[in-house]
Amino acid sequence: MARSNPHSKSLSELVNELDADRAWLLEQIDGGRWPELRLDLAALERELGQLLTKTSELIEEGENLD
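For clarity, every value in this text was computed on a predicted model and none was experimentally measured. (Residues numbered from 1 in each chain as written. Predicted model: local features only at pLDDT ≥ 70, side-chain atom pairs only at ≥ 80, totals over all residues. Heavy atoms only, no water.)

Undergrad: Teacher, can you tell me more about the environment of Ala42 here?
TA: Tracing the backbone through its elements, the reader meets Ala42 in helix α2 (residues 38–61). According to the relative accessible area criterion, Ala42 is buried, its value standing at 18%. Put simply, Ala42 and Ile29 are 13 residues apart on the chain and 7.2 Å apart in space, counted from C-alpha to C-alpha. (Helix = DSSP H or I, 4+ residues; strand = E, 2+ residues; numbered from the N terminus. Buried < 20%, exposed > 50% of the residue type's maximum accessible area, 1.4 Å probe, protein only.)

Undergrad: Help me understand the side chain of Glu45 in this model?
TA: For Glu45, the location among the structural elements is in helix α2. Ignoring anything within four residues of it in the chain, the contact list for Glu45 reads Arg22, Leu25 and Leu26. (Contact = heavy atoms within 4.5 Å.)

Undergrad: Teacher, can you tell me more about the pattern of salt bridges here?
TA: Pairing between side chains of opposite charge can happen when the charged atoms of each approach one another. Taken as a whole and judged by the stated rule, the model has two salt bridges. Across the pair Asp19 and Arg22 runs a salt bridge whose closest N-O atoms are separated by 3.0 Å. You can see Asp19 and its partner Arg22 sitting in helix α1 (residues 8–30), three residues apart, about one turn around the helix. When its relative accessible area of 17% is taken as the criterion, Arg22 is described as buried. Its salt-bridge partner being Arg22, residue Glu45 comes within 2.6 Å of it at the nearest N-O pair. Of this pair, Glu45 sits in helix α2 while Arg22 sits in helix α1, and the two are 23 residues apart along the sequence. (Salt bridge = Lys/Arg side-chain N within 4 Å of Asp/Glu carboxyl O.)

Following this line, the structure appears as structure tokens:
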């Protein structure tokens with residue numbers, strides 16, 4: 001049984017907020033905003049998605065992220 005981390009709820013909330021921001025960024029990119037930055041923003045969105053996925057996995061496993 002994993003130990004309860006007092007920071008896990010706030011960390012989970014932060015991850016959820018960042019994921020919502022990532023989704024908004026993707027919508028903006030797909031909608032044609034900032035065409036001159038499209039490739040860089042798409043790369044940023046992918047990397048952020050990978051970071052958030054890994055962080056979510058660690059939270060679920062009960063890893064200590066401090």
